[in-house]
Protein chains: 4
Amino acid sequence: MPKPGAVLLYIRILLDDTGSTLGRRFALFIQALILLSLLAFSVETLPNLSETTRQALWLVELLTVAVFTVEYLLRVLTAERPLRFIFSFYGLVDLLAILPFYLSSGLDTRTVRILRMLRLIRIFKLLRYQRAVAHYIRAFRLVREELAIFTLVSAMLLFLSAVGIYYFEHEAQPEVFASVFHSLWWAVATLTTVGYGDIYPVTAGGRIFTFFVLTVGLGVVAVPTGLVAAALAQARKSDGESGDQG
Amino acid sequence: MPKPGAVLLYIRILLDDTGSTLGRRFALFIQALILLSLLAFSVETLPNLSETTRQALWLVELLTVAVFTVEYLLRVLTAERPLRFIFSFYGLVDLLAILPFYLSSGLDTRTVRILRMLRLIRIFKLLRYQRAVAHYIRAFRLVREELAIFTLVSAMLLFLSAVGIYYFEHEAQPEVFASVFHSLWWAVATLTTVGYGDIYPVTAGGRIFTFFVLTVGLGVVAVPTGLVAAALAQARKSDGESGDQG
Amino acid sequence: MPKPGAVLLYIRILLDDTGSTLGRRFALFIQALILLSLLAFSVETLPNLSETTRQALWLVELLTVAVFTVEYLLRVLTAERPLRFIFSFYGLVDLLAILPFYLSSGLDTRTVRILRMLRLIRIFKLLRYQRAVAHYIRAFRLVREELAIFTLVSAMLLFLSAVGIYYFEHEAQPEVFASVFHSLWWAVATLTTVGYGDIYPVTAGGRIFTFFVLTVGLGVVAVPTGLVAAALAQARKSDGESGDQG
Amino acid sequence: MPKPGAVLLYIRILLDDTGSTLGRRFALFIQALILLSLLAFSVETLPNLSETTRQALWLVELLTVAVFTVEYLLRVLTAERPLRFIFSFYGLVDLLAILPFYLSSGLDTRTVRILRMLRLIRIFKLLRYQRAVAHYIRAFRLVREELAIFTLVSAMLLFLSAVGIYYFEHEAQPEVFASVFHSLWWAVATLTTVGYGDIYPVTAGGRIFTFFVLTVGLGVVAVPTGLVAAALAQARKSDGESGDQG
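In this text, all values refer to a predicted model and were calculated from it rather than measured experimentally. (Residues numbered from 1 in each chain as written. Chains lettered and ligands numbered in written order. Predicted model: local features only at pLDDT ≥ 70, side-chain atom pairs only at ≥ 80, totals over all residues. Heavy atoms only, no water.)

Assigned secondary structure in chain A consists of eleven helices and zero strands. Sequence-ordered secondary structure for chain A, helices as α and strands as β, is α-α-α-α-α-α-α-α-α-α-α. Taking all 246 residues of chain A together, the buried fraction comes to 46%. Surface summary for chain A: the accessible area is close to 12,600 Å², and the carbon and sulfur share equals 68%. (Helix = DSSP H or I, 4+ residues; strand = E, 2+ residues; numbered from the N terminus. Buried < 20%, exposed > 50% of the residue type's maximum accessible area, 1.4 Å probe, protein only. Areas by Shrake-Rupley, 256 points an atom, 1.4 Å probe, with all protein chains shown as cover.)

Okay, here's the thing in structure tokens:
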């Protein structure tokens, strides 16, 4: 019989040491279980499911929550400072993934279940992508101020476009461009170039206005791309200069 | 009772010193009022508003204009050189935000009211983003000439595409591609990749033409993105070299 | 009465010296005339034009061709080496702008008239944008080989997508995805993200296939943007290093 | 009569030495044949083909396979190490292009025939674009880790968007947003900005959700562009520094 200390160490390796074969396999198993859980969640929304399918999905749910609960309890029990783990980001995410199951009695817990997706973030621990993540974070910190300005200018542009098209199209299509809020939906669909086709200008004035809005708007949309490109290049470069070049 | 000079100083801090707690709060209050005013403006365009809502919106309008008027008068009275303030950019914007209310008698002032949005620009004063704004301005100055060429080439491409598709599609869809102007609307919706779906080619020739137009067109659209990216990187870099690195 | 040599010099300044006030004004006048001619061309395609409008458009056409003819003859007569001018790029463009008018007798010359647009290229002479144009040319020369590879890969991707979606959707929508050529039209509209909405997958297989095609396809589309951005930055930089920084 | 050694050398030049005029012409002939074969494949899918056309397409197929078979046998026979060629990438591709023709007896071999497209890859040998290809490969290796993170974040975003819109729109449009899988199709069409128009939100909540999804989503889409741009610039630069600048 192994000593309690050895068991504790063994469990810690299982749960946290993704460098070891055992820890790596356990982490992959948990990730697979999360994906299975999310798939089950999606399948449940399909219309006209047979009773057999419903029961299978319920079993998957039971299994998932059981494993997640055991894992959570082990993490709390083997943590050096249990309270600190419970209130850490990963601790709260792990709790959120199982709590709704126990709290609900007849309630629709489906919405809360997608929070389990947050657990997928742990994959970053598994994949040793710290340096790449650090590049992203540094890049976004570099362009924080520029992005804030860009967001404000975009919001103004959206609002101005909506008001403009409202005046051009309201009379010709009173049902479609019924208010500035309806026009805002047009502005979103147009300036992102999604263009569903449920709402579009038909008057000559509205179309010319759309042309000018798009000319300016696409220029504005090009800005964050340029910002992020420049910042990532800078983050990567300063990383390379300060040491370990890839 | 405080001296008149102290009152003047107090008001100036309130209106302009966004570094102080008082000035900061007042600026935020004004910004919130502008947003409220724009929201009221949007709600007014909704169809089938009840009488109660209309009266509430009217009250919001009265309140907004009242506060803006007091603020404007204070700014003029406490300015060191009142005339200079009145004809400054911010002075004119502030006047435009209230003048229509007083001038109109029965007229539809809604169009003019959205000019109040311009007052939101003051937020840049609040948020100390001068350096980021300077980056943008420098970047756009760097690529001014290239952007002018790009605009000309794009305009030519739009016109050529419109004429081309007109010859391919006019016979097959005389109602949709009725003239070069109708085709221009197609060219705008297509080359910006919005693609509403209200107008599109159906002949084999028109579709092959669309393919070539898009191949060239998307290459052209990629240019300003590249331009702005390169210019922003350069602006940021030369800023960093000349001193205060972020 | 001035000497013939002085007249010749005077005409040369008028036609070519865009640095002088006179030459500049004449160049702007010709550019305005080209735009007027293109506008008239577009208006002519409008349905249900009145007889008066038709006559006005005919007058514009007569006037335009008359001025262009006089200008062309003056350019030939005052050129130091007339033959060299006639067979130069600008010489041929100028000839193409007027020749169709004289050759046609009852033929539809509208198609050829848009060649006048080529004359707009002279605007670059007017606007002293040589350096920016040089940046573009150098950038495109730098990425010539990469763009060729990109074009080949894109063409393969388009064809593969078309064949793939044909097998997924042909049975479900035999009228819409009637052949690989119909599917190619879908591939063009989808991979450029235009998405008119006249042709789209409805089967689960076709939609999953579309997802993968778009994931790969948008990555491919991102490549030329990156290429041009990098090349423009390099062209601008090497220009700055070799001398006259903006 | 030439010696066998000379014939062997002659054939090797024909097949592989694209630097020689003969080898170049032969390579171009094969490429043209591949394109012809792919065109025939596409034409075959057209509905209502006449019997004459079918027979012509069959002849093209016979001719193509005959030439490819001879070429393949010559390559195997003249290779210094035949087995190595047979199991090389190009060897397998060449085999795949002809094998289905001989194996099938009444089966539909059309699907397999598009594998011939892979033979087009040989064009890179012809066009001496090794350095540009090397740039691409180095750039993608540089950003491998960042792209992996980006892919994971995009997949999460897609799933979250689908679940979100399902809750907003399912009640209002139970047929269109029938399940999370249907919503995933919406998420794909929207976040890639294709926007076919077959599925879109109609409730205020769903539209506001779409706005936020697009705001975040387009930012995410901008990331790989920036990544590739930065990496290509770096790959090109380090290539230039280590020697032969273009």
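From this point, the discussion proceeds with the structure in view.
A word on the packing of helix α2 (residues 21-44) of chain A against helix α9 (residues 144-169) of chain D. With their axes 12 Å apart at the nearest point, α2 of chain A and α9 of chain D run at an angle of 30° to one another. Here α2 of chain A is positioned roughly parallel relative to α9 of chain D, judged by the angle of their axes. Where α2 of chain A crosses over α9 of chain D, the two elements pack in a sense that is left-handed. On α9 of chain D, the residues touching Leu 38, Phe 41 and Ser 42 of chain A of α2 of chain A are Phe 159, Val 163 and Tyr 167 of chain D. Considering only residue class, the contact of α2 of chain A with α9 of chain D consists of five nonpolar, one polar and no charged. (Axes fitted to C-alpha atoms, helices over the stretch in contact; angles between N-to-C directions. Parallel < 35°, antiparallel > 145°, perpendicular 65-115°, else oblique. Left-handed = near helix turned anticlockwise from the far one by under 90°. Contact = heavy atoms within 4.5 Å. Nonpolar A, V, L, I, M, F, W, Y, C, P; charged D, E, K, R; others polar.)

This part is about unusual backbone geometry. Both trends apply: most residues other than glycine have a negative phi, and most peptide bonds are in trans. The residue Asn 48 of chain A is not glycine, and still its phi comes out positive at about 60°. Relative to the helices and strands, Asn 48 of chain A is located in the loop between α2 and α3 (51-78).

Let us look at the packing of aromatic side chains. Residues and elements named next belong to chain A. Considering all chains together, one arrives at 40 aromatic pairs over all chains under this definition. Ring geometry for Trp 185 and Tyr 196: centres 5.9 Å apart, planes at 20°, overall stacked. Of this pair, Trp 185 sits in helix α10 (residues 180-191) while Tyr 196 sits in the loop between α10 and α11 (204-241), placing them eleven residues apart in sequence. In this structure, Trp 185 and Tyr 196 share a single accessibility class: buried. (Phe/Tyr/Trp six-rings, centres within 6.5 Å; stacked < 30°, edge-to-face > 60°.)

What follows covers helix α3 (residues 51-78) of chain D. Taking 1.5 Å of rise per residue, the 28 residues of α3 of chain D would be expected to cover 40 Å, and the 41 Å separating its terminal C-alpha atoms lies within 8% of that figure. Along α3 of chain D, the positions that sit buried rather than exposed are Leu 57, Glu 61, Thr 64, Val 65, Phe 68, Thr 69, Glu 71, Tyr 72, Arg 75, Val 76 and Thr 78 of chain D. (Expected span 1.5 Å × (residues − 1).)

Among the structural elements, Leu 46 of chain C can be located in the loop between α2 (21-44) and α3 (51-78). Discounting chain neighbours no more than four positions away, the residues touching Leu 46 of chain C are Ser 179 and Phe 181 of chain B.

Another aspect to go through is the confidence of the model for chain A. All names here are of chain A. When the pLDDT values of chain A are averaged, the result is 80; 81% of them are 70 or greater. Looking at the elements of chain A, mean pLDDT is at its lowest for helix α7 (residues 123-126), recorded as 59, and at its highest for α10, recorded as 93. As scored by the predictor, the complex reaches a pTM of 0.85 and an ipTM of 0.82. (pLDDT = per-residue confidence, 0-100.)

Here the focus is the pattern of salt bridges. Under the defined criterion, the tally for this structure stands at twelve salt bridges over all chains. A salt bridge links Glu 71 of chain B to Arg 75 of chain B, with the shortest nitrogen-to-oxygen separation between them at 2.8 Å. Of this pair, Glu 71 of chain B and Arg 75 of chain B are both found in helix α3 (residues 51-78), four residues apart, which corresponds to roughly one turn of the helix. The residue Asp 94 of chain D makes a salt bridge to Arg 75 of chain D at a minimum N-O spacing of 3.8 Å. Of this pair, Asp 94 of chain D sits in helix α5 (residues 89-103) while Arg 75 of chain D sits in helix α3, and the two are 19 residues apart along the sequence. The exposure class of Asp 94 of chain D is buried, given its relative accessible area of 3%. On the basis of relative accessible area, Arg 75 of chain D is assigned to the buried category, the value being 7%. When salt bridges that share partners are traced, they join Glu 71, Arg 75 and Asp 94 of chain A into one network. (Salt bridge = Lys/Arg side-chain N within 4 Å of Asp/Glu carboxyl O.)

Residues and elements named next belong to chain A. Together, Leu 9, Tyr 10, Ile 13 and Leu 22 line one region of the surface with nonpolar side chains, adding up to about 370 Å² of accessible area. Broken down by element, the nonpolar patch gets its largest block of residues, three residues, from helix α1 (residues 4-16). Within the secondary structure, Leu 22 is located in helix α2. For Leu 22, a relative accessible area of 34% corresponds to the partly exposed category. (Patch = residues over 30% accessible without salt bridge, like charges linked within 9 Å, V, L, I, M, F, W, Y side chains within 5 Å.)

The next point concerns the side chain of Thr 210 of chain A. The topology assignment puts Thr 210 of chain A in helix α11. Contacts of Thr 210 of chain A, omitting those with residues within four sequence positions, involve Ile 165, Trp 186, Thr 190 and Pro 201 of chain A together with Trp 185 and Tyr 196 of chain B.

To continue, consider the environment of Ser 20 of chain D. Locating Ser 20 of chain D in the fold gives a position in the loop between α1 (4-16) and α2 (21-44). Polar side-chain contacts of Ser 20 of chain D include one of 3.0 Å to the backbone nitrogen of Gly 23 of chain D. (Polar contact = N/O pair within 3.5 Å; in protein donor to acceptor, adjacent residues only side chain to side chain.)

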